[in-house]
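Read off the chains here:
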Amino acid sequence: GGVFKPQGNMTRAEACTIVARLAAGSDELVPNDKTTAFADVASDKWYYKYVSYVESLGYLGSYSGNFEPDKPITRAEFVELVYNMGLLRDSGKNGVFTDVAQDHPRATVIAAAGKAGLVNGYDNGDGTFSFRPDNTISRAEVVKVINNAYQRSITKDQISEEAKYSFADVDGDFWAYADIREATIAHVEGKNGWIFCMVSPYTVFGKTNENLDYAAG
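Now for a quick tour of the structure. These numbers come from a predicted model, not from an experiment.

What counts, and at which threshold
- Residues numbered from 1 in each chain as written.
- Predicted model: local features only at pLDDT ≥ 70, side-chain atom pairs only at ≥ 80, totals over all residues.
- Heavy atoms only, no water.
- Helix = DSSP H or I, 4+ residues; strand = E, 2+ residues; numbered from the N terminus.
- Rg over C-alpha atoms; globule rule 2.2 N^0.38 Å.
- Buried < 20%, exposed > 50% of the residue type's maximum accessible area, 1.4 Å probe, protein only.
- Contact = heavy atoms within 4.5 Å.
- Areas by Shrake-Rupley, 256 points an atom, 1.4 Å probe, with all protein chains shown as cover.
- Lys, Arg positive; Asp, Glu negative; His and termini not counted.
- Charge placed at Lys NZ, Arg CZ, Asp CG, Glu CD.
- Salt bridge = Lys/Arg side-chain N within 4 Å of Asp/Glu carboxyl O.
- Axes fitted to C-alpha atoms, helices over the stretch in contact; angles between N-to-C directions.
- Parallel < 35°, antiparallel > 145°, perpendicular 65-115°, else oblique.
- Left-handed = near helix turned anticlockwise from the far one by under 90°.
- Nonpolar A, V, L, I, M, F, W, Y, C, P; charged D, E, K, R; others polar.
- Core = buried A, V, L, I, M, F, W, Y, C linked by side-chain atoms within 4.5 Å.

### A word on the overall build of the protein
Part 1 of the argument: Per the secondary structure count, the protein includes 6 helices and 6 strands.
Part 2 of the argument: Starting at the N terminus and ending at the C terminus, the protein contains elements arranged as α-α-α-α-β-β-α-α-β-β-β-β.
Part 3 of the argument: Against the 2.2 N^0.38 benchmark of 17 Å for 217 residues, the protein shows a C-alpha radius of gyration of 17 Å, consistent with a compact globule.
Part 4 of the argument: Based on the C-alpha atoms only, the size of the protein along its principal axes is roughly 45 × 45 × 25 Å.
Part 5 of the argument: Burial status across the protein gives 52% buried among its 217 residues.
Part 6 of the argument: In the protein, the share of contacts with a sequence separation of at least 24, taken over all contacts with a separation of at least 6, comes to 67%.
Part 7 of the argument: Accessible surface for the protein amounts to roughly 10,300 Å². Of this, 44% is attributable to carbon and sulfur atoms.
Part 8 of the argument: Looking at charge distribution, the protein has the averaged site of its 21 positive side-chain charges lying 2 Å from that of its 29 negative ones.

### As for the pattern of salt bridges
Side-chain pairs of opposite charge can arise where the charged atoms are in close proximity.
Part 1 of the argument: Scanning the model with the defined rule gives 8 salt bridges in all.
Part 2 of the argument: When the shortest N-O distance is used, the salt bridge between Asp 27 and Arg 21 registers 2.7 Å.
Part 3 of the argument: Overall, the relative accessible area of 6% leaves Asp 27 in the buried class.
Part 4 of the argument: A relative accessible area of 3% means that Arg 21 is categorised as buried.
Part 5 of the argument: Its salt-bridge partner being Lys 49, residue Asp 27 comes within 3.6 Å of it at the nearest N-O pair.

### Focus on the packing of helix H1 (residues 12-24) against helix H2 (residues 48-56)
Part 1 of the argument: Two elements in contact, H1 and H2, have axes whose closest approach is 8 Å; the angle formed by their N-to-C orientations is 65°. In terms of their interaxial angle, H1 and H2 are classed as roughly perpendicular. Crossing of H1 over H2 shows left-handed handedness. Residue-level inspection shows Ala 13, Cys 16, Thr 17, Val 19, Ala 20, Arg 21, Ala 23 and Ala 24 of H1 in contact with H2, the latter providing Tyr 50, Val 51, Tyr 53 and Val 54.
Part 2 of the argument: Of the residues assigned to the contact of H1 with H2, the class counts are 10 nonpolar, 1 polar and 1 charged.

### Things to note about the nonpolar core
Part 1 of the argument: Formed by 61 residues in total, the largest nonpolar core has its most connected members in Leu 60, Phe 78, Val 142, Ile 180, Trp 194, Ile 195 and Met 198.
Part 2 of the argument: Only H1, H2, helix H3 (75-84), helix H4 (107-115), helix H5 (139-149) and helix H6 (177-182) provide two or more residues apiece to this core.
Part 3 of the argument: Non-local contacts of Leu 60, meaning those with residues more than four positions away in its chain, are made with Cys 16, Phe 38, Val 51, Val 54, Glu 55, Phe 67 and Leu 81.

### Describing unusual backbone geometry
Part 1 of the argument: We note that Lys 5 has phi near 60°; this positive angle belongs to a residue other than glycine.
Part 2 of the argument: Within the element layout of this structure, Lys 5 appears in the segment before H1.
Part 3 of the argument: At Gln 151, a position not held by glycine, the phi torsion is positive, near 55°.
Part 4 of the argument: On the secondary structure map, Gln 151 appears in the loop between H5 and H6.

Here it is as structure tokens:
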């Protein structure tokens, strides 16, 4: 199989690419006629259409001036992107994280994501949880968040026979193994699992990211 780089970071531009492709349904349906107010997002960059499209949807409202597209995206920033997609459902959880101060710029979004079960945080061992909002998010954590948003989170025992694709660098003992395998399944005939809309690797198992129709639902 290909490699997934589960512990690798993700840039803001790469995160916008995922959101843009999911919102549009495929890479080729992402419009290329949008413009951006960000001074450092040049029109000749590969990510221009993705950032400008996500911006046009109103998902980047908390940024102004420069976007710093090549900067690794933080856990709080990525959760805000998914929150802005309107996919959160209240799961009855309290959404309280011990390390998210009320004056954190994304405190409200993080709390809502916690209540929706979008993120679970890190167990502090005393019945409380922390979130580490300003840490960078890993590619494996991105998969977990997106799966949770689309109510596709599963356990290792629940992996479907349809999950035919595996990655050489994600073994069965890895904490996100089941979620990564699940994300390769589209559950919609004729489409591809949403994981293939991620930027790297560009080609896995003979499939390319471009011109694929994705299905997360």
